[in-house]
Amino acid sequence: MRHVSSGEEEAGAAPPHPDVSFSPARPGTVAEVENLAVTFRRGNRRIHAVRGVSLDIRPGEILGLVGESGSGKSVLGMSLLGLLPEDTLEHTSGRVAVAGKDMLHGSADLRRRVRKEHLGSVFQDPMTSLNPTMRVGRQVIEAAGSTEEAVRLLRAVGISDAERRMSSFPHELSGGLRQRVMIAMAVAGNPSLVIADEPTTALDVMVQSQVLTLLRSLVDEIGCSFLLITHDLGVAAQVADRIAVMYAGRLAESGPTDTVLRSAAHPYSLGLMRSRLSLTSPRTGTLSTLRGEVPSPVAPPPGCPFQPRCDLATDDCTQLLPDPVPVIPGHLSACVLPAEVVRARRPAPDAGEQDAGEQDAGGQDAPQADAADPESAVPAAADAPGAASAVWVRQIRRTFRVKAGRGRRKDLQALREIDLDVAAGESVAIVGESGSGKSTLLRVMAGLERADHGEVVLGGSTRPQMVFQDAGASLTPWMTVGALIDERLRGEGLSRAERQERVVAALAQVGLPAEVAQARSRQLSGGQRQRVALARATVIPPQVLLCDEPTSALDVSLAAGVLNLIGRLRRQLGMSVVFVTHDLSVARVVGDRIAVMYLGNIVELGPAERVVSQPAHPYTKALLSAVPEAGAAPMVLTGEPASPLAPPSGCAFHPRCPLADDACADSELRLRPVRLRTAHDRAVACLKPELI
Amino acid sequence: MLQLAGKRLGAMVVIILALTAVMFGLQKISPLDPVHAMLGQSASAQAVAAERHVLGLDQPITAQYLHYLAGLLHGDLGTSYRTRNPLSSDLGTAFPATAELTLYGLIFALILAVLLAVATTLRWPGSWLFRLILFVGASMPPFLLAIGGILLFFVNLGWLPATGRTSIHNPPTGPTGLLTIDGLLAGQFNVVTDALSHLLLPALALAIGPAVSIGRVLRSSLVSELRSDYARTARAKGQRERQVLIRHVIRNAIGPALSMTGLQAGLMFGGVLVIEQVFSWPGMGQYMTQSIPVADFPAIAAVTLVLGIGYVLINTVVDLLQAAADPRIDV
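Residues numbered from 1 in each chain as written. Chains lettered and ligands numbered in written order. Predicted model: local features only at pLDDT ≥ 70, side-chain atom pairs only at ≥ 80, totals over all residues. Heavy atoms only, no water.

With respect to the interface of chain B and chain A
Interfaces are often described in size by the accessible area the parts lose on coming together.
Then, number 1: In this complex, chain B contributes 22 residues to the contact, which on the side of chain A involves 28 residues.
Then, number 2: Both sides of the chain B and chain A interface together cover about 2200 Å² of buried area, and 50% of this is carbon and sulfur.
Then, number 3: Contact with chain A buries surface across chain B, with Arg232(B), Ala236(B) and Lys237(B) losing the most and accounting together for 25% of the total.
Then, number 4: On inspection of chain B and its partner chain A, the count reaches three salt bridges.
Then, number 5: Of the charged contacts, one joins Asp109(A) and Arg240(B) as a salt bridge, the two residues approaching to 3.6 Å between their closest N and O atoms.
Then, number 6: Summed over the shared surface of chain B and chain A, the result is 13 residue pairs in polar contact (both at pLDDT 80 or more).
Then, number 7: Elements supplying a minimum of two residues to the side of chain B that touches chain A: α10 (229-236) and α11 (241-278) of chain B.
Then, number 8: The element that contributes the greatest number of residues to the side of chain B that touches chain A is α10(B), accounting for six residues.
Then, number 9: Class assignment for the residues of the side of chain B that touches chain A results in six nonpolar, six polar and 10 charged. (Contact = heavy atoms within 4.5 Å. Buried area = accessible area lost by both parts, 1.4 Å probe. Salt bridge = Lys/Arg side-chain N within 4 Å of Asp/Glu carboxyl O. Polar contact = N/O pair within 3.5 Å; in protein donor to acceptor, adjacent residues only side chain to side chain. Helix = DSSP H or I, 4+ residues; strand = E, 2+ residues; numbered from the N terminus. Nonpolar A, V, L, I, M, F, W, Y, C, P; charged D, E, K, R; others polar.)

Printed below as a string of structure tokens:
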């Protein structure tokens, strides 16, 4: 049931309430937030997390609350739950009501009872959010009241074998199952509202799409409302009835999902949409980014918080804090400019990447390339390293011995047999879910991990350099940025002054000022840290740059900037790039070619654009359909990814494959990527490859 | 779990075996001659040789060790050079006294530790005073604490006795040797209360230091577990704060405190020997202090072995409890 009505929408823009006196719940809402402001104290500093937000949640709707880190979206969720830390309450103003009860200033017991009777919640990490030492059944019973009800709920969220699962501990379940257990607890007792804070962020893309589908069907069946807090506009777009966009503790825009997506009226929402990668983002040239970073929550600017990053900002914007006002009934935007002016604005070229106006070096896979021409084919797995190979990986296998409970040890087959040839200057994106072995492959290429079998041949004399997902953790906390980069220059026979010069040059190359050399990693933002990691990797230009999900921990607007930077460094320094990611839309943009991995094997390898537009392997097709896109109903694969502890016989994908038959399960079958007859640049490990 | 228990018990046997070897070795390299210690410096060479033969000291060293081990297996800890009694009978009276004192010390330490941790975590009113008293107590050496306790509760207030295990003349000599338990079994409740009043001061003096150590570890894990995601989930389900603490947090927070308890129990075995001196407690500490000056090596070895077994036993129990508390621990 999609709830689209008009008329009450203006309620969301209710004027600031000077007092906190209490009115009964308005009909037609399950929760109301009025002019909420929350300030935390951290030492001597005040953190203005939420600064005057008004919002209504209506019965039976999914409201997608979208924002980057620091936008205040999670704090808003915690205030609805009445779970703000006690010491922040004195710095909290406004009104938050759920089922007509005051969730800000009500007594602790009142708020607790509202949580028990009217609210449910799902949090990001289902491993830490479930009690590790309590059986799943008991945890669900706490919310459900009885064993029968708990079993019924577990069935309702799609857990097969619910009775048996009741006696499992959380660590015995997969991530997707754990999140289903969380959802079962959240909808126990038919709450009127469920707060879901990044419920799919820690999950693989296929599991994510299963969970989103489940949320939608639960809302339609039970009729409860969901507040879906997410950083990913695509996730919200897929299931939400309405979307509210938050920025720096303020509401930027809200309205029905289609309206916000099609005719956004706030420059931030537009910027967010433009910098978000999709499967149709342009691959040539630079990605559009938002310049600058989110303003400090300690000293927010007096005017519009987005003004420092806004291309349309006027003098007014630096002075006036705009409140959300209706563009049309039901669609609010907190911008002083008319919506037409905002929408007419074309995205500006990224200021930091001006030099990158030229075309992407990956010209060989331009759509007009002739698929039938064998000359243009990229070898899938060469029998010998090509003259221009930067890394040549042959028959790599890697198995780990892991503890498998009860004192037994099992073999975890991380890499089952990998052949890959990365040409000099080429960029290959490796895509896969967790457990596919993609990071292990990268570590074997880097020489950080030994292969049990096979060989890695490097084209050049320099060792490959690596950039990791968590840039904060990969920079030694007590060393200055300068010292970290300088470390790589030692032993090169350079004088101190020369080394210093090189450090500054490396920082400049990644778009950081020379002063950053004196900073330590904790003083930098996430985007800056990733740039420092890149500067460290490229201060002596390597032949090959290995990137392990370098942007997946970054906000959308920053991730695009880092991707642009990697592309530019690659062209300027003539490096090859091997880029591991779980996100096909990222892979499509950074890779000349894409290698799709499943359970330690490459199942499909080919030119990026065409792998995405014309997938040949059923697994690639499933992955593509799971990428959250507005309105698109995902093709949901049933089941969980198979475990690398016990890979299925034959084709490892056959238990989940819609095309599989007996031949696919044959234990004698050893599938390796082979070139398609219809497209020589494509190698697919499947008995029935199909080009659509 | 069973497999873990098997492994731990196996490790226990190995450790105890190593302990016997060390004790035996020390005895052998000691310059003190036990025979002279027994017979006096002026004993004739003939008498010495005869005694050496009786004690088996003229046999090869490996044979002596195996003989010693075989005796241990039969409960024969050797013969004291000083009292000339079998050590199993000497320690038969001293060991239960020490065991009872240590047991109550450990129980008091755990109770105080949990109180300290919970009171300061939940900020109970008056918890600061409780914490202050414990911290001051813990910063004093136990014997000083014991003397202070005697001066206050015996000399000035006259509330508690200062010496011995009991003032009842014919206490039951029941199956365990622990007066509080034997009294209960025999239905003589006056024995139980009398024994408890004797236990209170020495056990508290023994308990306060370990209580603070265990309590601080427990508190810090309680604080961090109360901030954990699953505690937030429990609150979001509408659980009361007390339920969050009891049902969810305690089992997750107990691990580090259990480790600390094992360590502190080891230290308590050292502390109890001193405390027994202050309270004239007829335990192994008293026995040991009389054995050391006369180089009664079999006695010293026997006491050390008994304490060592106790220590290993407690730490094995701690390991098993930790595995029981956390299902993720697996061998």
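Following the structure, the description resumes.
Here we look at a positive patch on the surface
Then, number 1: A contiguous patch of positive charge, built from Arg123(B), Arg131(B), Arg216(B), Arg219(B) and Arg227(B), is present on the exposed surface.
Then, number 2: With respect to the helices and strands, the residue Arg216(B) is situated in helix α9 (residues 189-226). (Patch = residues over 30% accessible without salt bridge, like charges linked within 9 Å, V, L, I, M, F, W, Y side chains within 5 Å. Areas by Shrake-Rupley, 256 points an atom, 1.4 Å probe, with all protein chains shown as cover. Lys, Arg positive; Asp, Glu negative; His and termini not counted. Charge placed at Lys NZ, Arg CZ, Asp CG, Glu CD.)

Let's talk about the domain arrangement of chain A
Residues and elements named next belong to chain A.
Then, number 1: In terms of domains, chain A is made up of domain 1 (26-342) and domain 2 (374-464 + 542-684).
Then, number 2: Between domain 1 and domain 2, the residue contacts involve 37 residues of the former and 40 residues of the latter.
Then, number 3: Interface area, domain 1 with domain 2, both sides summed: about 3100 Å², of which 57% is carbon and sulfur.
Then, number 4: When residues of domain 1 are sorted by the area they lose upon contact with domain 2, Met-206, Leu-279 and Arg-283 head the list and together hold 27% of the total.
Then, number 5: Counting every contact that joins domain 1 to domain 2 gives zero salt bridges.
Then, number 6: At the level of secondary structure, the elements contributing two or more residues to the side of domain 1 that touches domain 2 comprise α7 (175-186), α8 (205-222), α9 (233-239) and α11 (267-275).
Then, number 7: Ranked by the residues each element gives to the side of domain 1 that touches domain 2, the list is headed by α8, at seven residues. (Domains from an automatic or database assignment.)

Description of the environment of Thr213(A)
Then, number 1: For Thr213(A), the position within the fold is in helix α8.
Then, number 2: Sequence separation of Thr213(A) and Val239(A) is 26 residues, and the distance between their C-alpha atoms is 7.7 Å.

Observations regarding the pairing of strand β18 (residues 544-548) of chain A
Residue and element names in this part refer to chain A.
Then, number 1: In terms of burial, β18 is largely enclosed, as five of its five residues are buried.
Then, number 2: Neither face of β18 is left uncovered, since the one carrying Val-544, Leu-546 and Asp-548 and the one carrying Leu-545 and Cys-547 both have all their residues buried.
Then, number 3: The sheet contact formed by strand β17 (residues 465-467) and β18 spans three bridges and is parallel. Each bridged residue has a counterpart across the sheet, and for Met-466 the counterpart in β18 is Leu-546.
Then, number 4: The pairing of β18 with strand β19 (residues 576-581) spans five bridges and is parallel. (Buried < 20%, exposed > 50% of the residue type's maximum accessible area, 1.4 Å probe, protein only. Pairing = 2+ DSSP bridges.)

Description of the state of the cysteines
A covalent bond bridging the sulfur atoms of two cysteines is what the word disulfide describes.
Then, number 1: On inspection of all chains with the given rule, the structure shows zero disulfides over all chains.
Then, number 2: Sulfur of Cys651(A): no disulfide; nearest cysteine sulfur belongs to Cys664(A) and is 6.0 Å away. (Disulfide = S-S within 2.5 Å.)

A look at the sheet that holds strand β4 (residues 92-98) of chain A
Residues and elements named next belong to chain A.
Then, number 1: Spatially, β2-β1-β4-β5 is the arrangement adopted by the four strands of the open sheet, whose pairing is antiparallel. Each of the sheet's edge strands pairs with one partner strand only, and the pair in question is β2 (45-57) and β5 (101-102).
Then, number 2: Looking at chain direction, strand β1 (residues 31-42) and β2 are connected through 10 bridges and run antiparallel. Bridge pairing in β2 places Val-33 opposite Leu-55.
Then, number 3: Contacting β1, β2 and β4, helix α1 (residues 73-80) crosses the sheet at an angle of about 115° to β1. (Axes fitted to C-alpha atoms, helices over the stretch in contact; angles between N-to-C directions.)

Considerations on the nonpolar core
Residues and elements named next belong to chain A.
Then, number 1: By size, the foremost hydrophobic cluster in this structure holds 99 residues, and its most contacted members are Leu-80 and Leu-227.
Then, number 2: Ignoring any residue separated from it by four or fewer positions in sequence, one finds Leu-227 in contact with Ile-57, Leu-63, Leu-65, Leu-80, Leu-193, Val-194, Ile-195 and Ala-196.
Then, number 3: Counting 68 residues, the second largest nonpolar core, distinct from the first, contains Met-206, Leu-565, Ala-608 and Leu-669. (Core = buried A, V, L, I, M, F, W, Y, C linked by side-chain atoms within 4.5 Å.)

Some points on the domain arrangement of chain B
Residue and element names in this part refer to chain B.
Then, number 1: Here chain B is described as being made up of domain 1 (2-73) and domain 2 (96-325).
Then, number 2: For domain 1 and domain 2, the distance between their C-alpha centroids amounts to 33 Å.
Then, number 3: With 17 residues of domain 1 in contact, the opposing surface of domain 2 contributes 16 residues.
Then, number 4: Buried surface at the junction of domain 1 and domain 2, both sides included, amounts to about 1400 Å², of which 86% is carbon and sulfur.
Then, number 5: Considering only the side of domain 1, the residues that lose the most area to domain 2 are Arg-8, Met-12 and Met-23, jointly responsible for 33% of the buried surface there.
Then, number 6: Run the count over domain 1 and domain 2 and you get one salt bridge.
Then, number 7: The shortest N-O distance in the salt bridge between Arg-8 and Asp-319 comes to 2.7 Å.
Then, number 8: In this structure, the connection of domain 1 to domain 2 is made through one residue pair in polar contact (both at pLDDT 80 or more).
Then, number 9: At the level of elements, α1 (2-29) and α4 (61-73) are the ones that each hand at least two residues to the side of domain 1 that touches domain 2.

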